[in-house]
There are 2 protein chains.
Amino acid sequence: MNTINPLREILKEKKTLHSNRGMNLENDINLSNQYYIDTNQAYIYKKPTPIKIVKVDYPTKINKVNKIKIKEAYFESPSTTDYNGLYSGKYIDFEAKETNNKSYFPLENIHLHQIKHLRNILNNGGICFLIVRFNEYNKTYLLFASDFFNFIDNNERKSIPYDYFKEKGYEIEEKFSPRLDYLKIIKKYMEVNYGKEEK
Amino acid sequence: MNTINPLREILKEKKTLHSNRGMNLENDINLSNQYYIDTNQAYIYKKPTPIKIVKVDYPTKINKVNKIKIKEAYFESPSTTDYNGLYSGKYIDFEAKETNNKSYFPLENIHLHQIKHLRNILNNGGICFLIVRFNEYNKTYLLFASDFFNFIDNNERKSIPYDYFKEKGYEIEEKFSPRLDYLKIIKKYMEVNYGKEEK
């Protein structure tokens with residue numbers, strides 16, 4: 001009765017691994033960024049989370065608190081993206097999101113302020129993109145902001161189909177180290193786009 | 001008895017203006033950054049303040065709160081600088097400080113993590129600097145990170161003399177708009193340093 005089906009066990013384990021990895025896009029990116037720093041390839045880092053402070057307690061002799069304590073605050077809707085930094089002097093900026101959806105990436109994941117932010121970067125010659133992980137397939141794509149804007153500026157729908165990522169995006173290789181080698185795509189992109197153009 | 005001394009009034013007014021301006025370096029920079037955005041010259045912005053969250057209240061049906069409330073949090077020592085962004089694709093990063101000191105800028109104003117951050121940027125080909133306002137003279141200087149490091153790496157003292165800013169720094173012009181035209185210095189710097197070098 002308690003016989004163990006080895007195949008089932010393996011599949012269960014895979015499922016767990018799969019789910020864990022799906023929930024750790026941020027972690028994978030942070031590890032990759034640290035790898036790029038350690039190997040002197042790029043310096044890309046996570047920005048602090050924007051928080052709206054409502055009430056604070058200032059240090060006083062009476063309460064013996066020696067630093068300002070925030071007593072009431074709320075998460076603000078982000079006006080920029082999660083990550084930025086530089087590679088070879090170039091400004092790099094991106095937002096990372098995962099979705100459990102099988103066939104599309106819902107646009108409600110990206111705020112209007114973030115879209116404005118990405119447009120500003122593009123207008124000023126920066127490199128910006130989205131990193132989107134489809135947990136169901138455990139596949140992670142890099143979609144350049146220009147392709148992202150091409151889609152949202154020419155479509156009414158509130159989501160981007162998975163097929164659009166497969167067609168226009170670049171699948172990011174998952175390795176032991178760096179976990180998500182998105183810089184490899186950026187390096188190629190810069191060779192192709194800036195190799196000649198730059199003064 | 002109540003005669004007004006016009007000279008005294010003028011001097012009093014000047015003093016007030018002077019103090020106001022001295023306390024508003026951040027405001028002057030924010031206005032300048034907005035001017036650069038509006039005139040499509042550059043996109044440079046303030047990062048959120050890093051905050052360490054200790055306790056939160058999650059939304060429940062009982063307390064009728066529909067968003068996460070942060071109940072206890074503290075300001076974190078900044079690990080990066082206040083401002084970053086891009087000009088003509090190049091990564092730009094700086095920290096802005098003011099001092100009431102007449103003859104030097106105390107180095108305790110810049111944290112160790114921020115110094116590491118600036119070194120990372122410099123190593124990856126970015127443009128980074130300090131903007132320091134000496135309130136006493138109402139003069140604001142831009143000091144490139146390379147000159148900043150030249151000083152701290154070769155000196156034991158815990159402050160940078162005002163004379164070093166006058167010698168190695170660049171005084172930032174104060175105007176009506178933009179209030180602090182630091183980008184003018186960056187543009188010249190890029191012409192001189194990257195005009196030929198870049199591929």
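Use the structure listed above.
First things first, this report covers the structure right here in the doc. (Residues numbered from 1 in each chain as written. Chains lettered and ligands numbered in written order. Predicted model: local features only at pLDDT ≥ 70, side-chain atom pairs only at ≥ 80, totals over all residues. Heavy atoms only, no water.)

### Points about the pattern of salt bridges
Residues and elements named next belong to chain A. Worth spelling out the cut-off: Each salt bridge in this description consists of a side-chain nitrogen of Lys or Arg and a carboxyl oxygen of Asp or Glu lying within 4 Å of one another. Each residue is assigned to one of three classes by its accessible area relative to the maximum for its type, calculated with a 1.4 Å probe on protein chains only: buried under 20%, partly exposed between the two thresholds, exposed over 50%.
Taken as a whole and assessed by the stated rule, the structure comprises 24 salt bridges over all chains. Measuring nitrogen to oxygen at the nearest pair gives 3.1 Å for the salt bridge that ties Asp-181 to Lys-175. Note on Asp-181: relative accessible area 10%, which makes it buried. Here Lys-175 falls in the partly exposed class, since its relative accessible area comes to 31%. Residues joined by salt bridges that share partners form a network here, namely Asp-28, Arg-133, Glu-174 and Arg-179.

### A word on the side chain of Gln114(A)
Residues and elements named next belong to chain A. Basically, it comes down to this: A run of DSSP states H or I qualifies as a helix once it reaches four residues; a run of E qualifies as a strand once it reaches two. Both are numbered from the N-terminal end. Whenever a nitrogen or oxygen atom comes within 3.5 Å of another N or O atom, the pair is scored as a polar contact, on the condition that within protein one atom can donate a hydrogen and the other can accept it, and that pairs from neighbouring residues in sequence are kept only if both atoms are in side chains. For this analysis, residues touch if any pair of their heavy atoms sits within 4.5 Å.
Along the chain, Gln-114 falls in helix α3 (residues 112-123). A distance of 3.3 Å separates the side chain of Gln-114 from the side chain of Glu-95, its partner in a polar contact. Residue contacts for Gln-114: discarding those within four places in its chain leaves Pro-78, Ser-79, Thr-80, Thr-81, Glu-95 and Asn-109.

### Observations concerning helix α6 (residues 182-194) of chain B
Quick reminder: α-helices carry 3.6 residues per turn. Residues three or four places apart thus point the same way. All names here are of chain B. Our working definition: Here, expected helix span is obtained from the residue count minus one, scaled by 1.5 Å. Here the arc refers to the directions that run from the helix axis out to each C-beta atom.
Between its first and last C-alpha, α6 extends 18 Å over 13 residues, near the 18 Å set by a 1.5 Å rise per residue. Restricting attention to buried positions, one finds in α6 the residues Tyr-182, Leu-183, Ile-185, Ile-186, Met-190 and Tyr-194. Summarising the axial view, the buried residues of α6 lie within an arc of 150 degrees, below the 170-degree limit, and thus occupy one face. Seen from the buried face of α6, the exposed residues on the opposite side, beyond 90 degrees, are Lys-188, Glu-191 and Val-192.

### A short note on the interface of chain B and chain A
Applicable threshold: Here the quantity called buried area is the total loss of accessible area, with a 1.4 Å probe, experienced by two parts when brought into contact, counted for both. Under the scheme applied, nonpolar residues are Ala, Val, Leu, Ile, Met, Phe, Trp, Tyr, Cys and Pro; charged residues are Asp, Glu, Lys and Arg; polar residues are all the others, including Gly.
Between chain B and chain A, the contact holds 41 residues from the first and 41 residues from the second. In this assembly, chain B packs against chain A so that about 3300 Å² is buried in total across both faces, 63% of it on carbon and sulfur atoms. The largest contributions to the chain B side of the interface with chain A come from Tyr43(B), Ile70(B) and Asn124(B), which together make up 18% of the buried area. Here chain B is connected to chain A by zero salt bridges. Our count for the chain B to chain A interface comes out at 15 residue pairs in polar contact (both at pLDDT 80 or more). Of all elements in the fold, only β1 (43-46), β2 (51-57), β3 (69-75), β4 (83-87), β5 (90-99) and α3 (112-123) of chain B reach the threshold of two or more residues within the side of chain B that touches chain A. For the side of chain B that touches chain A, the element with the most residues is β3(B), which contributes seven residues. Class assignment of the residues belonging to the side of chain B that touches chain A gives a composition of 18 nonpolar, 14 polar and nine charged.

### Regarding the relation of the copies chain B and chain A
Convention followed: For the least-squares superposition of copies, only C-alpha atoms count, and only for residues with pLDDT at least 70 in both.
Screw-axis analysis of chain B against chain A gives a translation of 0.1 Å along the axis, an RMSD of 0.1 Å, and a rotation angle of 180 degrees. These values place the two chain copies in the arrangement generated by a two-fold rotation axis. A share of 100% of the interface residues of chain B reappears at the interface of chain A, consistent with the copies meeting face to face through the same patch.

### So, the sheet that holds β3(B)
Counted only if it meets this: For two strands to pair, DSSP has to find at least two bridges joining them. Geometry is summarised by axes, namely lines fitted to C-alpha atoms with helices restricted to the contacting stretch, and by angles between N-to-C directions that run from 0 to 180 degrees.
Strand order in this open sheet of four strands is β2(A)-β3(A)-β3(B)-β2(B), and the pairing throughout is antiparallel. Pairing within the sheet leaves two strands with one partner each, and these edge strands are β2 (51-57) of chain A together with β2 of chain B. Mean inter-strand twist for the sheet, computed between neighbouring axes without regard to direction, equals 35 degrees. In terms of strand pairing, strand β3 (residues 69-75) of chain A meets β3(B) through four bridges, oriented antiparallel. Within β3(B), the position partnered with Ile70(A) by the bridge is Ala73(B).

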